[in-house]
Amino acid sequence: MNFARAYIRHVDRLNRIIGHVVMYGIFVMMGILLWSSISKTFFLPSMWTLEMAQFAMVAYYMLGGPYSIQMGSNVRMDLLYGEWSNRRKSQIDAMTVLFLITYLGFLLWGGIDSTLYSLRYGGERSPTAWRPYLWPIKMIMITGIFLMLLQAISELFKDILRLKGDHYPREELN
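Every value quoted in this text rests on a predicted model; they were computed, and no experiment measured them.

### Thoughts on the overall build of the protein chain
Then comes step 1: For the protein chain, the helix and strand inventory stands at six helices and zero strands.
Then comes step 2: Walking the protein chain from its N terminus toward its C terminus, one meets helices and strands in the order α-α-α-α-α-α.
Then comes step 3: Relative to a compact globule of 174 residues, whose C-alpha radius of gyration would be 16 Å, the protein chain shows 20 Å and is clearly more extended.
Then comes step 4: Along the first, second and third principal axes, the C-alpha set of the protein chain runs to 65 × 35 × 30 Å.

### Concerning the packing of helix α3 (residues 49-71) against helix α5 (residues 135-163)
Then comes step 1: For the pair α3 and α5, the least separation of the axes is 8 Å and the interaxial angle reads 10°. What the angle tells us is that α3 and α5 run roughly parallel. Taken together, the residues of α5 that come into contact with α3 (itself represented by Phe55, Val58, Ala59, Met62, Leu63, Gly65, Pro66, Ile69 and Gln70) are Ile137, Ile140, Met141, Thr143, Gly144, Ile145, Leu147, Met148, Gln151, Glu155 and Lys158.

### A closer look at the packing of helix α4 (residues 86-120) against α5
Then comes step 1: Between α4 and α5, the least distance of the axes is 8 Å, while the angle of their chain directions is 160°. It follows that α4 is roughly antiparallel to α5 by the angle criterion. The handedness of the crossing between α4 and α5 is left-handed.
Then comes step 2: Tallied by class, the residues present in the contact of α4 with α5 amount to 21 nonpolar, seven polar and six charged.

### Some details on the side chain of Gln151
Then comes step 1: Position of Gln151 relative to the elements: it lies in helix α5.
Then comes step 2: Sequence-distant contacts of Gln151, defined by excluding residues within four places in its chain, comprise Val11, Asp12, Asn15, Pro66, Ile69, Gln70 and Lys158.

### Some points on α4
Then comes step 1: With 35 residues, α4 ought to run about 51 Å at 1.5 Å a step, and its terminal C-alpha atoms sit 49 Å apart, in line with that.
Then comes step 2: Against α5 lie the buried residues of α4.

Rules used throughout
Residues numbered from 1 in each chain as written. Predicted model: local features only at pLDDT ≥ 70, side-chain atom pairs only at ≥ 80, totals over all residues. Heavy atoms only, no water. Helix = DSSP H or I, 4+ residues; strand = E, 2+ residues; numbered from the N terminus. Rg over C-alpha atoms; globule rule 2.2 N^0.38 Å. Axes fitted to C-alpha atoms, helices over the stretch in contact; angles between N-to-C directions. Parallel < 35°, antiparallel > 145°, perpendicular 65-115°, else oblique. Contact = heavy atoms within 4.5 Å. Left-handed = near helix turned anticlockwise from the far one by under 90°. Nonpolar A, V, L, I, M, F, W, Y, C, P; charged D, E, K, R; others polar. Expected span 1.5 Å × (residues − 1).

Below is the structure:
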């Protein structure tokens with residue numbers, strides 16, 4: 001159980017720091033879209049702005065996802081869940097997080113395979129007029145998926161600790 005506590009502490013801290021940095025990515029997206037509007041109105045339109053805003057959104061979403069999981073900000077259908085005891089919630093959460101871990105494992109595997117393909121064959125490029133290389137955004141996606149996988153394992157450890165009756169302070173678990 002000491003390993004689980006140390007794992008939770010380190011992974012939660014890492015994802016909290018990354019989440020706090022990445023949350024300012026909304027301003028990056030706003031700046032790109034503002035420039036897009038200004039350039040279309042007063043100058044020649046920039047062909048990179050739409051795709052760059054999409055890349056910024058992917059980075060924002062993928063790198064902010066682990067922090068969202070940690071904070072419990074994910075969408076949960078609350079038909080029965082709100083009425084259950086903390087023990088029952090932990091049991092259900094422990095089972096469902098196993099599905100998430102499996103899904104993220106397959107997603108990571110596919111992401112790594114896609115990124116290696118992109119790097120191996122001369123650098124895969126977007127089919128748009130701007131034609132940026134795709135490997136940088138794929139690397140960001142792999143990093144985000146990996147961090148989400150680490151956070152999902154952390155959530156599993158939290159549920160196991162709760163089920164074992166460990167009186168580990170809840171604020172340190174979240």
